Amino acid sequence: MAWSSIRGQDLAVRMLQSHLAQQRVSPAYLLAGPSGVGKKPIAREFAKAVNCLSEASRPCDACPPCGQIQRGTHPDVHWLLLRGLPSN
């Protein structure tokens, strides 16, 4: 998967790519919204980009960290899924 395959979340993708380009990555990001809007694909691509070993395009989808994150086996990437939060 690549950034270009994420549909309907142009603002979120541009913001995260901008943070990467400026090397101003925050220690945590909260992606919120209804089920099915693309939170997990965006988070996965961002995690790959942050951990990617490529000097060129990030994420490269070819280096070991990119592959591990895609498969869900990277030892330093953990997913927190919050469900059933009360709405106001």
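I will try to describe carefully the structure that is included in this document. Source: prediction; values computed, not measured.

Some points on the pattern of salt bridges
At step 1: Considering all chains together, one arrives at two salt bridges under this definition.
At step 2: For the salt bridge of Glu 45 with Lys 48, the shortest nitrogen-to-oxygen distance reads 2.9 Å. Of this pair, Glu 45 and Lys 48 both sit in helix H2 (residues 39–51), three residues apart, which is roughly one turn of that helix. There is no split in this pair, since Glu 45 and Lys 48 are both buried.

Describing the side chain of Ser 54
At step 1: As for its placement among the helices and strands, Ser 54 is situated in the loop between H2 and helix H3 (64–71).
At step 2: We classify Ser 54 as buried; its relative accessible area is 17%.
At step 3: For Ser 54, the side chain forms a polar contact with the main-chain nitrogen of Ala 56, separated by 3.0 Å.
At step 4: Looking at Ser 54, its side chain comes within polar contact range of the main-chain oxygen of Ser 57, at 3.5 Å.

Brief notes about the packing of aromatic side chains
At step 1: For the coordinates displayed, the defined rule picks out one aromatic pair.
At step 2: Geometrically, the ring pair formed by Tyr 29 and Phe 46 is edge-to-face, given 4.9 Å between the ring centres and 80 degrees between the ring planes. With Tyr 29 in the loop between helix H1 (10–21) and H2 and Phe 46 in helix H2, this residue pair connects regions lying 17 residues apart in the sequence.
At step 3: Look at Tyr 29 and you get partly exposed, because its relative accessible area is 29%.
At step 4: The class of Phe 46 is buried, set by a relative accessible area of 10%.

Topic: H3
At step 1: Within H3 the residues assigned to the buried category are Pro 65, Cys 66, Gly 67 and Ile 69.
At step 2: Contacts from the buried residues of H3 go to H2.

Structural notes on the layout of surface pockets
At step 1: The space that makes up the largest pocket amounts to roughly 1,100 Å³.
At step 2: Lining the largest pocket are 31 residues, and of these Tyr 29, Leu 31, Ala 43, Trp 79 and Leu 80 lie nearest its centre.
At step 3: Among the elements that take part in the lining of the largest pocket, H2 stands out by supplying eight residues, more than any other.
At step 4: Of the residues contributing to the lining of the largest pocket, the split by class is 21 nonpolar, seven polar and three charged.

Quick notes on the rules
Residues numbered from 1 in each chain as written. Predicted model: local features only at pLDDT ≥ 70, side-chain atom pairs only at ≥ 80, totals over all residues. Heavy atoms only, no water. Salt bridge = Lys/Arg side-chain N within 4 Å of Asp/Glu carboxyl O. Helix = DSSP H or I, 4+ residues; strand = E, 2+ residues; numbered from the N terminus. Buried < 20%, exposed > 50% of the residue type's maximum accessible area, 1.4 Å probe, protein only. Polar contact = N/O pair within 3.5 Å; in protein donor to acceptor, adjacent residues only side chain to side chain. Phe/Tyr/Trp six-rings, centres within 6.5 Å; stacked < 30°, edge-to-face > 60°. Contact = heavy atoms within 4.5 Å. 1 Å grid on protein atoms, 1.4 Å probe; cavity = no way out; pocket = protein on both sides within 12 Å on 5 of 7 lines; lining within 4 Å. Points joined across faces, edges and corners; volume = space filled by probe spheres on them. Nonpolar A, V, L, I, M, F, W, Y, C, P; charged D, E, K, R; others polar.

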